[in-house]
Amino acid sequence: MKSFGGPVLFLNRSDINTDEIIPAKYLTAVSKDDLKPHLLEDLKLDGFEPSSIANKGFRVIVSQANFGCGSSREHAPWALEVNQITMVIAESYARIFRQNMFNGGMMAIELPASDIDSLFALSKSGAVSCTVKLESGKLCFSVDGHETKTISFSLSPFDEALVKAGGWVEYADARY
Amino acid sequence: MGKTITEKIFDAHLRDEPFAGTRVLSLDVVMCHEITTPLAIMDLVWRKKDRVFDTNRIKAVIDHVTPSKDTESATQAKILRDWAHRHGIKDFFDIGSNGVCHAIFPEKGFIRPGFTVIMGDSHTCTHGAFGAFAAGVGTTDLEVGILKGVCAFRAPKTIRVNVTGSMPQGVFAKDVILEIIRRLTVNGATDHVIEFAGPVIAAMTMDERMTICNMAIEAGGTSGVCMPDAVTRDFLWPFVKDEYRNDTAQALADFTKWHSDADAVYAISVTVDVAEIEPVATVGYKPDQVKKLKDLKDVKIDQVYIGSCTNGRLSDLTIAAGIVKGTKLAPGVRGIVSPATPNIFRAAMEQGLLDIFMDAGYCVTNPTCGACLGMSNGVLAEGEVCASTTNRNFFGRMGKGGMVHLMSPASAAASGIAGKLTDPRGYMSTGKTGEHGTKRSKR
């Protein structure tokens, strides 16, 4: 199973699409590692600098609704994965992106808009970090090292099985 | 309680239900292209599982960057090519016979009513036009599809879009689907199949139904679907006539058994009256940002692109050529036409359509996805604007810093003449929509 949690990157917009997560011109990569420097490089968002991904060691993304819309490219979750961002928290996802995350043993966690709003409010007071308690379904958020907020989450049984199996290939190969 | 077509297809293909709400389906067709498949192939090799579940049910094409533009794209093509040869995949389309996946696979008759289809490509929903369940998936789902012939989905819900009215002049399938996306919004159909039904869909050709279903993903839909009928049967007839021993009625009966029941349950039902639709284009960077072309004044363009899995079929080229005929591209505007398959290219050549485009100053390229996703054959420079018949207007989609306005082939052709976004109605003769002998009424 992958490890989850760490410093949080906040992307305050809905409909962040897969072309923004990884532009198509990098889809000729035949190694996931080649995607690493290009994560979110075309995203135009106030306060966001693509260079911060490498500099600040983000491990979690928090965003708004319909995250990952557009193309089916699994290069989007891979670009996150090679940057050690194994978890996204958002109000909702595009279906294919969400499935791609769990298929790779990563997590695309859905939270109600009120919880997402409270996390964005938290981000205004300092650097936010998140720890994950998978068994109890808790996300614990700290600001500048001080634990300030705990939010419950749940995965569907299938998504949880994929996370624990390390992905869909392992799961399906053992079963079908 | 009745069932939708998608529920019937799911029931007929249910392989496993490991958890409530998770349906593992057996697959009839697994389609592959050179962008998303190579990493699946490499992972299977790495896992020492370099096998395919069925060489006949796997179809493969090199289409996104072809001919290869650099070492990287050549390597992707080579990985797919070597794999197809290694496993004896006979339906593999390489340079000389290759075309845009969602145009060439239907043209070959690979998709039938009631089928389950996946591909590592979001516009796989196109094939729902045949009354199939066809979904775009990521590389991991594709990898498992190749290896095991299965894919997992959440239980489907369906949005029914009832399309009524009579199509006004200048309004085409592309305008209809853009209007539907505007109403549903870019995530209004997430985790839903969009069932396109009603008299307007029933009267549409397969080309038009494919244009409609192609963009279901732009509303977030898992797929789009149309009821298979005599139009479907006639399109597929060359491929199924032996199987049906020339019994057209039996083929139709087999196809229509998939129809949604009258008492099927829908999550949402909406009605769209096409009589209220006018020619439209997208503005901004989301496909649900749609405006009437007549209200878009003085939006200058640098390029016209006619092609793609949405609108690169022969009927699209015919409509565009009807407007382009005898004209020239406006000064400073580049025109690119990419017929979506070799057969379409050849027919367009034989029918003189390519001459019409070339006389107007267009460049005719080989069939490829290329420019639509900013890979090759028509990438935009920063600040440039394209009137495009493609499907996605995301920021940077056709090239970093470029602006894409999505529209019908008629609207794109008219915009090329005017040098700015233009309602096509001023460039068409009056008469029935879809007739091709158009004549410009003004210049």
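Residue positions are given per chain, counted from 1 along the sequence in the order it is written. Throughout, the order in which chains and ligands are written sets their labels, letters from A for the former and numbers from 1 for the latter. Local features in this predicted model are restricted to residues whose pLDDT is 70 or higher, and side-chain atom pairs enter the listing and the counts only when it is 80 or higher, whereas totals over whole chains, interfaces and linings include all residues.

The next point concerns the sheet that holds strand S6 (residues 138-143) of chain A. Residue and element names in this part refer to chain A. Think of it this way: DSSP has to see at least two bridges between two strands before they count as a pair. Under the DSSP-based scheme used, a helix requires at least four consecutive residues in state H or I and a strand at least two consecutive residues in state E, with every element numbered from the N terminus. The strand order across the open sheet built from 7 strands is S4-S3-S2-S1-S5-S6-S7, with neighbouring strands paired in mixed fashion. Only two strands of the sheet have a single neighbouring strand rather than two, namely strand S4 (107-110) and strand S7 (146-152). Across the sheet, the axes of successive neighbouring strands diverge by a mean angle of 30°, strand direction being ignored. The sheet contact formed by S6 and S7 spans 6 bridges and is antiparallel. Directly across from Phe141, in S7, lies its bridge partner Lys149. Helix axes are fitted to C-alpha atoms over the stretch in contact, other axes to C-alpha atoms as well, and angles between N-to-C directions run from 0 to 180 degrees.

All names here are of chain B. Between helix H9 (residues 230-240) and helix H10 (residues 248-256), the shortest axis-to-axis distance is 10 Å and the interhelical angle comes to 120°. As summarised for this structure, H9 and H10 are arranged oblique, according to the angle between their axes. Along this stretch, H9 crosses H10, giving a crossing that reads as right-handed. Contacts between H9 and H10 pair Ala230, Thr232, Arg233 and Val240 from the former with Thr248, Ala251, Leu252 and Phe255 from the latter. Under the scheme applied here, ten amino acids are nonpolar (Ala, Val, Leu, Ile, Met, Phe, Trp, Tyr, Cys and Pro), four are charged (Asp, Glu, Lys and Arg), and all others, including Gly, are polar. Here the contact of H9 with H10 is built from residues that sort into 5 nonpolar, 2 polar and 1 charged. Oblique is the label for every angle not falling under 35 degrees (roughly parallel), over 145 degrees (roughly antiparallel), or within 65 to 115 degrees (roughly perpendicular). In this scheme, a crossing is called left-handed if the near helix is turned counterclockwise away from the far one by less than a right angle; it is called right-handed if the turn is clockwise. This entry defines residue contacts through backbone-placed C-beta atoms, with two residues in contact when those atoms are within 7 Å.

Looking now at the sheet that holds strand S10 (residues 192-197) of chain B. Residues and elements named next belong to chain B. Judged by pairing direction, the sheet is parallel, and its 4 strands sit side by side in the order S11-S10-S9-S12 without closing on themselves. In the strand order of this sheet, the two ends are held by strand S11 (223-226) and strand S12 (268-273), each with one partner. Looking at each pair of strands side by side, their axes are set apart by 25° on average, direction ignored. Examined bridge by bridge, S10 and S11 share 4 bridges and lie parallel to one another. Bridge pairing in S11 places Val193 opposite Ser223. Most of the contacts of helix H8 (residues 206-214) go to S11, to which it runs at about 150°, and overall it touches S10 and S11.

Right, let's talk about the domain arrangement of chain B for a bit. All names here are of chain B. The split into domains, and so the bounds of each, comes from an automatic or database assignment of domains. When cut into domains, chain B gives domain 1 (5-271) and domain 2 (279-427). For domain 1 and domain 2, the distance between their C-alpha centres works out to 25 Å. Between domain 1 and domain 2, the residue contacts involve 34 residues of the former and 35 residues of the latter. Elements with a minimum of two residues in the side of domain 1 that touches domain 2: helix H4 (101-107), helix H6 (173-184) and H8. Per-element tally for the side of domain 1 that touches domain 2: the top contributor is H6, with 6 residues. Taken together, the residues that form the side of domain 1 that touches domain 2 break down as 11 nonpolar, 14 polar and 9 charged.

Turning our attention to the pairing of strand S16 (residues 334-338) of chain B. Residues and elements named next belong to chain B. Neighbour counting defines burial: a residue surrounded by 20 or more other C-beta atoms within 10 Å of its own C-beta is buried, one with 12 or fewer is exposed, and intermediate counts give partly exposed, using backbone-placed C-beta atoms. Most of S16 sits inside the fold, with 4 of its 5 residues counted as buried. Bridging between strand S15 (residues 303-307) and S16 involves 5 bridges; their strand directions are parallel. Paired with Ile306 across the strands is Val337, a residue of S16. Direction of pairing for S16 relative to strand S17 (residues 362-364): parallel, over a ladder of 3 bridges. In the strand pairing of S17, Ile336 is matched with Cys363.

Now for the environment of Phe239 of chain B. Residue and element names in this part refer to chain B. Summarising the element assignment, Phe239 is placed in helix H9. Judged by local crowding, Phe239 falls into the partly exposed class, with 13 C-beta atoms found within 10 Å. Separated by 129 residues in the primary sequence, Phe239 and Phe110 have C-alpha atoms spaced 8.5 Å apart.

Excluding glycine, most residues fall at negative phi; most peptide bonds, likewise, are trans. All names here are of chain B. In this structure, the amide linkage connecting Thr66 to the following residue, Pro67, adopts the cis form with an omega of -5°. Summarising the element assignment, Pro67 is placed in the loop between strand S4 (58-61) and helix H3 (71-86). Even without glycine at this site, Lys48 takes up a positive phi of about 60°. Mapped onto the elements of the fold, Lys48 is located in the loop between helix H2 (38-46) and S4. Its 7 C-beta neighbours within 10 Å are what place Lys48 among the exposed residues. A positive phi angle, close to 90°, is found at Ser308, a residue other than glycine. Note on placement: Ser308 falls in helix H11 (residues 308-311).

As a further point, take the interface of chain A and chain B. Taken together, the 38 residues of chain A in the interface contact 47 residues of chain B. At 5 residues, helix H4 (residues 95-103) of chain A tops the list of elements feeding residues into the side of chain A that touches chain B. Along the lines of polarity and charge, the residues of the side of chain A that touches chain B split into 15 nonpolar, 13 polar and 10 charged.

In a packed pair of helices, the relevant descriptors are the angle between the two axes and the axis-to-axis distance. All names here are of chain B. Relative to each other, H6 and H8 sit at 25°, their axes nearing to 9 Å. Compared by their axis directions, H6 and H8 come out roughly parallel. Once H6 is placed against H8, the crossing between them reads as right-handed. In this structure, H6 uses Ala173, Lys174, Val176 and Ile177 to contact H8, whose residues at the interface are Glu208, Thr211 and Ile212.

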